[in-house]
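This is what each chain is made of:
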Amino acid sequence: MFKLTLSSLLLFSLVASTWAATADEWRGRSIYQIITDRFALPSGSPNSTCDTTRQAYCGGTWNGIRENLDYIQNAGFTAIWISPVNKNYDGPRTAYGDPYHGYWVTDITQLNDHFGTADDLKALSAEVHRRGMFLMVDVVVNHVMVTSTTQPDYSQCFFKDASFYHPYCPIQWNNLTSEQLCWMGDERVPLADVDTTNPTVIQRYEEWVANFVKEYSIDGLRIDAAKHVQKSFWPSFCGKAGVFCMGEVFGGAEVDPVAEWQGADALDSVLNFPMYAALRDAYTIPGPANVSQLASVFEESKTKFADTTLLGNFLENHDVPRWHNLSVDPQSLYNAMAWNFFSDGIPIVYYGQEQSFSGSGDPNNREALWPSGYQNTTAYQYITTFNKLRNFLVNNNSTDWAKSKTTILTTSPHGFAFLKGSVISIMTNIGSPPGVHISVKTPFETTTALTNIMTCQQWVVGAERMIDAQYSLGGVPVILVPSEQLGGSGLCGHELAEVASHGAKANPLNSGFSTRPLLSMLAGSLAVAAALL
């Protein structure tokens, strides 16, 4: 029997070093976001607790991730995004703790040895690729951490001369010039702003990223604080990297300030903060139930983003409160997740979302995952089913589903229905209490058989092409697919087809976990009516 060893994984990493994933290849992926220090302890480590309020290293490593990839792949994810791997400040404890998160970089050319060695990172990359998955790594080029605003010491940094940095000034927020020239952080943890207009800085960063991506066989970069660097920096930097770049452009529901950072003159993709804000305001319970804002952001995004199918869709990350901290009703999470998986864009799930973690902002939203026991929760089961269908649709070459554009079929105070390809998704914001229904006019002919993949119940399109979702016991998401198109999906009794990815046989996307409890629950929660109107 073939046994995977560290040496065999490193050999695989050499073979995979030519793997340069494009934006087109990332479009069909789903991403599991990880803070390395908080995801998994390496084997043999004591199962320690992790007090987030201490803001200290808790022991997660790259080997810990590698040894627990089954948990991620069994949920159907086809990529991971890991927190920064580079050397961080390593000195006396600061007012905000230690840089367990990886964003207080000093020397980007060296690794953070708290997380492992170069061979450990290469082994993780190799194992990710052996499974047919992609690896995205978070990078920080905007700033480095120093200990003083008046006499910064750059001797431990990649750029050691003060001429490579902007002089200290505090940021005036909502002033883009100030955001790009002044320092992030504060006087207790100053983050010195690198002068990314300096030709030497540009050249050395581009040389570094080209070597970094090649050495560790990286498929994509998540760019921290992207808008704090001049836009013209990114096309050449990402071009030298030769991989997909997704930038963080922090914002609210306004589309324009975020959309301008996607395109040929900027980045391949950005995290979809406008949609996050709109979903939060539409679906959290208690919350404003602002469905009209969600519809507005959706329509505006279609015209202002360069390509909505490449945007990073999320409900949680390390900079915003956990969904369960904002919303007391689990159904609100499941419906909002359905939006992210089946509308335009790349779904991203932040580690612990599937365990219903409830931390507020930083640092409480950066919990350790291992105390959860990596349980097969209801949220995990939802995600597994969502991923199974999405992966099937993406790998069905006859439809090019990931590139198809989403259209809204109906809106109501209680939710939405939209169409992407031939999939109808109906999401409601009523939460667990029963009592409403959502009628949807479909593009399908009367008597067309549809299957709700969440319950495996069959629906029949009624007169005037109508269907009607009646929520007798609470608001669960409804995902409808023409029954004749489910062959090979592995869903609802259909056998799973073997699909190829980059010439390699893909692993089955269904896990060893049973989804029967989920199906039973859903079947009892949703009364289906084929509206013969």
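See the structure printed just above.
On a predicted model such as this, the values are computed, not experimentally measured, just so you know.

Caption draft 1: Up close: the overall build of the chain. The secondary structure content of the chain amounts to 16 helices and 24 strands. Roughly 19,900 Å² of accessible area belongs to the chain as shown, and the carbon and sulfur atoms make up 51% of that amount.

Caption draft 2: Summary view of the nonpolar core. Of all hydrophobic cores here, the largest spans 118 residues; its most connected members are Y32, F39, I80, I82, L221 and F237. Dropping the residues within four chain positions of it, F39 is found in contact with Y32, I34, G64, I65, N68, Y71, I72, Y351, L369, W370 and Y374. Ranked by size, the runner-up nonpolar core spans 18 residues in total, among them W81, M136, F273 and Y276.

Caption draft 3: Quick look at the sheet that holds strand β14 (residues 407-412). Taken together, six strands build an open sheet; the order of strands is β14-β15-β16-β21-β18-β19 and the sheet is antiparallel. The strands lining the two open edges of the sheet, one partner per strand, are β14 and β19 (457-460). Strand-to-strand twist of the sheet, defined as the mean angle between neighbouring strand axes without regard to direction, takes the value 25 degrees. Pairing between β14 and strand β15 (residues 415-420): five bridges, direction antiparallel. Considered in β15, the bridge of T410 is made with A417. Across the sheet, helix α14 (residues 330-342) is in contact with β15, β16 (423-428) and β21 (478-482); its angle to β16 comes to roughly 155 degrees.

Caption draft 4: How the structure looks around empty space enclosed by the protein. Per the counting criterion, the structure on display carries three cavities of 30 Å³ or more. There is about 100 Å³ of room inside the largest cavity. As for the largest cavity, its lining consists of N272, M275, F298, S301, K302, T308, L311, N313, W339, S343 and D344. The element best represented in the lining of the largest cavity is helix α12 (residues 291-304), accounting for three residues. Considering only residue class, the lining of the largest cavity consists of four nonpolar, five polar and two charged.

Caption draft 5: Fine view of the state of the cysteines. Under the defined criterion, the tally for this structure stands at four disulfides. C169 shares a disulfide with C182; S-S distance 2.0 Å. When the S-S torsion is -100 degrees, as for the bridge of C169 with C182, the disulfide is left-handed. A residue pair is termed long-range when its members are at least 10 positions apart, and C169 in the loop between β6 (143-145) and α7 (176-181) and C182 in the loop between α7 and β7 (184-185) qualify at 13 residues. A residue is classified by how much of its surface remains accessible, and C169, at 22% relative accessible area, is partly exposed. Put simply, C238 and C245 are joined by a disulfide, and their sulfur atoms are 2.3 Å apart. Since a negative S-S torsion denotes a left-handed disulfide, the C238-C245 link at about -115 degrees is left-handed. An identical accessibility class is assigned to C238 and C245; each is buried.

Caption draft 6: Up close: the sheet that holds β6. Pairing in this open sheet of three strands is antiparallel, and the strands run β6-β8-β7 from one edge to the other. Two strands lie at the open edges of the sheet, namely β6 and β7, each paired on one side alone.

Caption draft 7: The packing of helix α11 (residues 273-283) against α14, seen in detail. At a minimum axis distance of 10 Å, the contact between α11 and α14 shows a crossing angle of 150 degrees. Pair α11 / α14 crosses with right-handed handedness. Contact residues: α11 offers M275, L279 and Y283, while α14 offers S332, N335, A336, W339 and N340. Across the contact of α11 with α14, the residue classes break down as five nonpolar, three polar and no charged.

Caption draft 8: Structural detail: the packing of α14 against helix α15 (residues 378-395). Remark: α14 packs on α15, axes separated minimally by 11 Å, with the N-to-C direction vectors making an angle of 20 degrees. Relative to α15, the element α14 is oriented roughly parallel. Handedness of the crossing formed by α14 with α15: right-handed. For the pair formed by α14 and α15, the contact residues are Q331, L333, Y334, M337, A338, F341 and F342 on the first element and T378, A379, Y382, I383, F386, N387, L389 and R390 on the second. Here the residues of the contact of α14 with α15 sort into eleven nonpolar, three polar and one charged.

Caption draft 9: Broad picture of the packing of aromatic side chains. Enumeration according to the criterion identifies 35 aromatic pairs in this entry. Here Y32 and F77 contribute two aromatic rings whose centre-to-centre distance is 5.2 Å and whose plane-to-plane angle is 55 degrees, an arrangement assigned as tilted. With Y32 in strand β1 (residues 31-34) and F77 in the loop between α5 (69-73) and β2 (79-82), this pair connects stretches of sequence that are 45 residues apart. F77 shares its class with Y32; the two are buried. Consider the rings of Y154 and Y165, whose centres lie 3.9 Å apart with planes at 5 degrees: the pair is stacked.

Caption draft 10: Structural view of the pattern of salt bridges. The tally for this structure, following the rule as stated, stands at 24 salt bridges. Its salt-bridge partner being R27, residue D307 comes within 2.9 Å of it at the nearest N-O pair. Taken together, the positions of D307 in the loop between α12 and β12 (312-313) and R27 in the loop between α2 (23-26) and β1 put the pair 280 residues apart, joining distant regions of the chain. R27 matches D307 in its accessibility class, with the two residues each being buried. K420 serves as the salt-bridge partner of D344, at 2.8 Å between the closest nitrogen and oxygen. Of the two residues, D344 is situated in the loop between α14 and β13 (346-350) and K420 in strand β15; the sequence distance between them amounts to 76 residues. A relative accessible area of 8% places D344 in the buried class. By relative accessible area, K420 is classed as buried at 1%. Among the charged side chains, a network of salt bridges with common partners joins D24, R27, D307 and K403.

Caption draft 11: Local environment of the environment of L124. Examined against the element boundaries, L124 turns out to sit in helix α6 (residues 118-130). Accessibility expressed as a relative area gives 0% for L124, which makes it buried. Taking C-alpha positions, L124 is 9.2 Å from Y216, a pair spaced 92 residues apart along the chain. If we ignore the near neighbours within four places in the chain, the residues touching L124 are W62, I65, R66, L69, I80 and I82.

Calculation notes
- Residues numbered from 1 in each chain as written.
- Predicted model: local features only at pLDDT ≥ 70, side-chain atom pairs only at ≥ 80, totals over all residues.
- Heavy atoms only, no water.
- Helix = DSSP H or I, 4+ residues; strand = E, 2+ residues; numbered from the N terminus.
- Areas by Shrake-Rupley, 256 points an atom, 1.4 Å probe, with all protein chains shown as cover.
- Core = buried A, V, L, I, M, F, W, Y, C linked by side-chain atoms within 4.5 Å.
- Buried < 20%, exposed > 50% of the residue type's maximum accessible area, 1.4 Å probe, protein only.
- Contact = heavy atoms within 4.5 Å.
- Pairing = 2+ DSSP bridges.
- Axes fitted to C-alpha atoms, helices over the stretch in contact; angles between N-to-C directions.
- 1 Å grid on protein atoms, 1.4 Å probe; cavity = no way out; pocket = protein on both sides within 12 Å on 5 of 7 lines; lining within 4 Å.
- Points joined across faces, edges and corners; volume = space filled by probe spheres on them.
- Nonpolar A, V, L, I, M, F, W, Y, C, P; charged D, E, K, R; others polar.
- Disulfide = S-S within 2.5 Å.
- Left-handed = near helix turned anticlockwise from the far one by under 90°.
- Parallel < 35°, antiparallel > 145°, perpendicular 65-115°, else oblique.
- Phe/Tyr/Trp six-rings, centres within 6.5 Å; stacked < 30°, edge-to-face > 60°.
- Salt bridge = Lys/Arg side-chain N within 4 Å of Asp/Glu carboxyl O.

Note that every value here comes from positions in space, so none of it alone points to a role or purpose.
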